Structures are given as structure tokens and as C-alpha cells.
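# Examination of the molecular architecture
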Amino acid sequence: MRAVYYSASVTTQTGGDTTADGEPCEPGRGYTEQSGHWSPDRDYWTVHPSRADVDPDAYPDDSPLPPARWLADQITERLGNLDHIDGHTFTSARTAIEPGRLTGPAADKPGAVAGTHTFLGDAFAAQRLRTAPVGIRTLTAAAHAYGFTAAELAETATLLGHGDPATGRS
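Summary of the structure given here. Quantities reported herein were computed from a predicted structural model and do not represent experimental measurements.

Rules used throughout
- Residues numbered from 1 in each chain as written.
- Predicted model: local features only at pLDDT ≥ 70, side-chain atom pairs only at ≥ 80, totals over all residues.
- Heavy atoms only, no water.
- Core = buried A, V, L, I, M, F, W, Y, C linked by side-chain atoms within 4.5 Å.
- Buried < 20%, exposed > 50% of the residue type's maximum accessible area, 1.4 Å probe, protein only.
- Helix = DSSP H or I, 4+ residues; strand = E, 2+ residues; numbered from the N terminus.
- Polar contact = N/O pair within 3.5 Å; in protein donor to acceptor, adjacent residues only side chain to side chain.
- Contact = heavy atoms within 4.5 Å.
- Axes fitted to C-alpha atoms, helices over the stretch in contact; angles between N-to-C directions.
- Parallel < 35°, antiparallel > 145°, perpendicular 65-115°, else oblique.
- Left-handed = near helix turned anticlockwise from the far one by under 90°.

## Quick look at the nonpolar core
Grouped together as the largest cluster of nonpolar side chains are 27 residues, with contacts concentrated most on Trp 38, Leu 71, Ile 75, Leu 79, Phe 90, Leu 102 and Leu 139. Among the elements of the structure, strand 1 (3-13), helix 1 (67-79), strand 8 (137-146) and helix 3 (150-159) are those that each provide at least two residues to this core.

This is the structure in C-alpha cells:
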């Protein structure tokens with residue numbers, strides 16, 4: 001079966017003075033983090049310890065799209081722009097802020113925070129995020145393709161604008 005599973009990390013601002021690892025940090029900037037398997041259609045802001053607890057995106061046998069095109073479309077729909085591809089893993093460094101979704105431009109471009117679209121707007125938005133209120137949650141995610149051939153993964157990388165057409169590596 002060709003399928004795409006997802007993993008994610010959900011970070012919650014606690015307002016404390018320790019990081020998720022229990023290390024000291026600037027007072028008021030503490031946070032917790034949960035990482036695991038993620039089901040983007042169910043429990044968007046929850047991760048699970050077992051892959052069996054999530055629903056993958058499964059390539060339908062009767063799909064009119066070839067596997068590489070379907071995979072590229074699924075990953076783009078779920079994660080937006082990608083930063084890196086390594087074999088069957090597709091990653092993006094963008095972060096969604098609850099109740100948002102992973103969409104839009106990469107984090108280092110103007111407009112990376114919803115509603116800004118300018119460097120000045122991003123500066124104001126970054127300040128709001130820097131002083132994030134207790135309880136705000138962020139999510140980052142990656143896609144992991146299983147059951148696809150090396151040629152299909154290489155073609156997917158090319159379709160997504162990563163890597164050279166011969167190897168598909170970025």
C-alpha cells in the first residue's frame with residue numbers, strides 16, 4: 001500500500017521558566033512539547049505515540065493521478081512549501097499557531113504570519129509571538145511516504161521543486 005504518514009510536534013507556552021527538556025529559560029518563556037504521529041484530518045492539534053493511532057493518506061488504486069503527482073499534491077495540501085526532502089521524508093520549518101493550519105509561505109519570507117504580507121507587518125507579528133500568551137500552541141509537521149518506489153520519490157521531489165531530476169535529492 002502506498003501511503004503518507006505524518007509526524008508533528010506541538011509546543012504549548014506555559015509561562016514558566018523551563019523548556020520542554022526541563023532546562024532553565026528566560027522567566028515567562030517556558031514551554032512544553034509533545035512529539036509523535038499526527039493525523040491532520042482528526043485531532044489536528046494532538047500527536048499520538050503510535051502510528052497505529054493515526055490515519056494515513058492512502059493512494060487510491062483507482063486514482064487518475066500517477067503516484068508521484070498524487071504524492072506531491074498530498075504533501076503540498078498538508079504541509080505547504082517544503083524546506084527539505086530526504087528519501088521518503090518531506091519537511092517544512094513553518095509553524096501553525098492554533099487554531100491555524102500549516103499553509104502559506106515559508107517562515108523566512110514576508111507575510112509568513114497570517115495577515116501581515118510585509119516586513120514591517122512581520123516585525124509586529126513577531127513581537128506578538130515573542131510575547132505569546134500562556135496556553136498558545138504551535139505545531140510543526142513532516143510527511144513520511146511509504147510504499148512508493150525510489151523513482152516515484154525522485155519524481156515527487158522534482159515536482160515539488162527539490163533536487164535534481166536524476167536523483168530527486170535536495
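Following the structure, the description resumes.
## Here's the deal with the side chain of Asp 57
Following the sequence through the fold, Asp 57 ends up in strand 4 (residues 57-58). Accessibility expressed as a relative area gives 9% for Asp 57, which makes it buried. One polar contact links Asp 57 to Gln 74, side chain to side chain, over a distance of 3.1 Å. Leave out the neighbours within four places in its chain, and Asp 57 touches Arg 2, Ala 3, Val 4, Tyr 6, Trp 70, Gln 74 and Arg 78.

## Examining the packing of helix 1 against helix 3
Taken N-terminus to C-terminus, the directions of helix 1 and helix 3 make an angle of 50°; their axes are 8 Å apart at the nearest point. With respect to each other, helix 1 and helix 3 are oriented oblique. Classified by chirality, the crossing of helix 3 by helix 1 is right-handed. Here Pro 67, Ala 68, Arg 69, Leu 71 and Ala 72 of helix 1 come into contact with helix 3, specifically with Glu 152, Leu 153, Glu 155, Thr 156 and Leu 159.

The values are spatial; any link to function lies outside them.
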